[in-house]
Structures are given as C-alpha cells and as structure tokens.
Amino acid sequence: MEIKHNFSLRNLNTFDLPAISKRYATLKSTQDIHEFLKLYKANDELLILGGGSNILFTRDFDGTTVKIEIPGIHVVKEDQGYYWVKAGAGVNWNDFVESCIKADMGGVENLSLIPGAVGAAPVQNIGAYGVELKDVLEAVEAIEISTGERYYFRNHECRFGYRDSIFKNEYRDRFIITNVALRLRKSPVPNTSYGQIAEMLDTKGIKNPRIREVSDAVIQIRRSKLPDPEVMGNAGSFFKNPTITAEKFTDIKSSHPSISGFDQPDGKVKLSAAWLIDQCGLKGFTVGGAAVHDKQPLVIVNKNNATGLEILELANKVQSTILEKFQIQLEPEVRII
C-alpha cells in the first residue's frame, strides 16, 4: 500500500473531469485498509472511491482519496432455494452481474450494465427496471475508519430508501465497505414487470424469458438511450425521480394530461424526472461544454471538454427551471465535490 501525492483522478471518474487529489492510495485488501488507517489522520478529508461513476468534481480534492479494489466472488453457502454470494467491494458491478447470470443465479439481471463497483452499490441502493439492490442484499461488511473494527450490517440495518442508505447519511465517511453479500435464487423468477422490458421481450417473441434474456433486454434498452461514458463523459442519471403528494399530482395532471405517475406505498406519487426536464424543453441545452443529453434528459454529459463547474451550473439551471414550472425540487443522485 503506497500513498501517492498530487494524483490525477481524471481516469477515475466517468465524467472524465480533471481533478487532483492531494493524496491517493489504492486499497486491495483488508490488510491494506488497516495499514492505511494507521497512517490516516482523523482531521484529513477522506474520499472513498469505487468506480467513480456517481461523482462530480468541481475542484481539486485537498485531502486523501482511497480507491477500493478488493476482488473476489464466492458462494459462501446455499440451501434448497438460494445461493449466498459474497463479492469484494472492488469488483466491477456489471462483471458481478454477468458472473451470476452465467451461473444461473437469479435476482440481479435487471441491474445489468449499471456502471460502478460492488462496494458502492449499497451506498446508493442502486436500482433499475423494477429491481433495487435491497431486494437481494443480505449483508454489508465494512471497516470503521476511526477504530479499524469490522462491522456487519444486515439488510434492515442499512436503512435503504430510494437511491439512499445509512451509508449515504448517518454513516457517510465513517466506514469503508469491504464486501457485499447477496441472496440469489437457484430457480430464477425473472422480473418483467417494468413496461419496457415486457415490450422488448414481446417484440422478440419471448414468452417465458430466462434471466439471460431479461439481462439482454435491459442492456439493449440502456444502450439505446444512455450514452456510453467511454465515449461521452457522464454519471448516468444525474437526478432522482421526485415524489409528490397525490393532490399535487392531480393538480399537475389537470394541465399536463400526458404526465405519468407511480403510486408509492406511503400514498405519494413518483414522477419521471426525465419527463419533467423534457417538458421544459431542456433536451440538448448546454452550458459551456456540458449538455443535457438529447435522448435521455435525465443524463448530463461532458460533451465538449466541460469543466465540473459548467456541469454544476447546468444542473442548477435544470433544477431552477423545473422548480419554476412545476414547483418541484429535483435532488441530485450524483455526489458533488
């Protein structure tokens, strides 16, 4: 484990933004983490980096960045119906999903092609196409930064919410996640409840899909509307889909009949942030080198050597426009540094 100084993070964030970290270390094992914590000063600002797919740098980082690269995917136990699979925090998420599909372990196929690392998945409670990580997560293993002690968080202890968890709030920057354990089905039950998946499978004449076919449909849908970070820098969905009261939804629908809402267990209604942005005519809108993607307005892209501040200015413009037109405050999914 080596600490480097004035280290470029450009290749470690999917927005492809130039940023310098005052100090930087790659941690590939729990031993590396313990060695690092012996050197770490509690008053130093710390950034824990996974795949760099959910972060916006607007400045250099005047602290220490650690990239977690703990490897490994193992079946740790099984019963008649399930496998319990443990994955290192540094494993690429999509590689993990692919390994599960190849082994015919069901539950994560709808989460195909989501960028990032396994260790970041519970922080964000990643989700797509009718499935969230909390639906299959068994436990999170983490090391407390202040003590070096190992903790295990069961599913309910993670306090998962929509793109949210205890690691994003009360325990933010308190723990380094080392491993994640998921419970996956031996006899997969494909989830095709999300409309676009059902439509895609129907066009292919697939009536009883296997998890591979669900994954292929998800990948095809994502690639049709989401830009590849390798081609055009982005962090996927920049904003969360907002929830509003049923009364407010009825009020908006009276003047915008085409709006769709999704009823929530608490009686509120979830809206499509992409629809709101599109209704404001912001597809393709630019600030400097930053742009709202012309196919998926929920995505902000680094179109032409944008700076982090230009991307932030564009995000603020989107928020203020939605607030003015609909009186709805969009909340970023992306962490802003």
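Since we're looking at a predicted model, the values are computed, not measured.

Q: How should I be thinking about the packing of aromatic side chains in this particular structure?
A: In this description, an aromatic ring pair is defined by two values, namely the gap between the centres and the angle between the planes. Going through the model one piece at a time under the given rule, you end up with 14 aromatic pairs. In this structure an aromatic cluster arises from ring pairing among Tyr151, Phe153, Phe167, Tyr171 and Phe175. The positively charged end of Lys270 is found above the aromatic ring belonging to Tyr162, 3.7 Å away from the centroid.

Q: Help me understand the sheet that holds strand S14 (residues 243–244), please; the structure alone is not making it clear to me.
A: Sheets are built from strands that pair by backbone hydrogen bonding, the pairs being arranged parallel or antiparallel. An order of S14-S16-S15 is seen for the 3 strands of this open sheet, with the pairing classed as antiparallel. A strand with exactly one partner marks an edge of an open sheet, and here the two such strands are S14 and strand S15 (261–263). Bridge count between S15 and strand S16 (residues 269–271): 3 bridges; the pairing is antiparallel. Looking at the pairing, Asp263 lines up with Val269 of S16.

Q: Explanation requested: the side chain of Asn234 in the structure shown.
A: Looking at where Asn234 falls in the secondary structure, it is placed in strand S13 (residues 233–237). Polar contacts involving the side chain of Asn234 include one to the main-chain carbonyl oxygen of Met232, which spans 2.9 Å. At 2.8 Å, the side chain of Asn234 forms a polar contact with the backbone nitrogen of Gly236. Other than its neighbours up to four places away in sequence, Asn234 contacts Thr14, Phe15, Pro227, Asp228, Pro229, Val299, Ile300 and Val301.

Q: Is there a simple way to explain the environment of Ile114 in this structure?
A: For Ile114, the location among the structural elements is in the loop between helix H2 (93–102) and helix H3 (121–124). Take Ile114: its relative accessible area is 9%, and that puts it in the buried class.

Reading the values: the criteria
- Note that residues are indexed from 1 along each chain, following the sequence as it is written.
- Since the coordinates come from a predicted model, pLDDT governs what is reported: local features require at least 70, and pairs of side-chain atoms require 80 or more to be given and counted, while whole-chain, interface and lining totals use all residues.
- In computing side-chain values, all of the structure's heavy atoms are included and hydrogens and water are not.
- Between rings of Phe, Tyr and Trp, where Trp is taken as its six-membered ring, a pair exists when centres lie within 6.5 Å; planes separated by under 30 degrees are stacked, by over 60 edge-to-face, and by other angles tilted.
- Here, a charge over a ring means that NZ of Lys or CZ of Arg falls within 6 Å of the ring centre while also lying within 35 degrees of the ring normal.
- A pair of strands counts as paired when DSSP detects no fewer than two bridges linking them.
- In DSSP terms, a helix is any run of H or I states spanning at least four residues, a strand is any run of E spanning at least two, and both are numbered starting from the N terminus.
- In the analysis that follows, any N or O atom pair within 3.5 Å is treated as a polar contact, provided that within protein one partner can donate a hydrogen and the other can accept it, and provided that, for residues neighboring in sequence, both atoms belong to side chains.
- Whether two residues touch is decided by their heavy atoms; if any such pair falls within 4.5 Å, the residues are in contact.
- Exposure categories follow from relative accessible area, calculated using a 1.4 Å probe and restricted to protein chains: below 20% of the type maximum is buried, above 50% is exposed, and the middle band is partly exposed.

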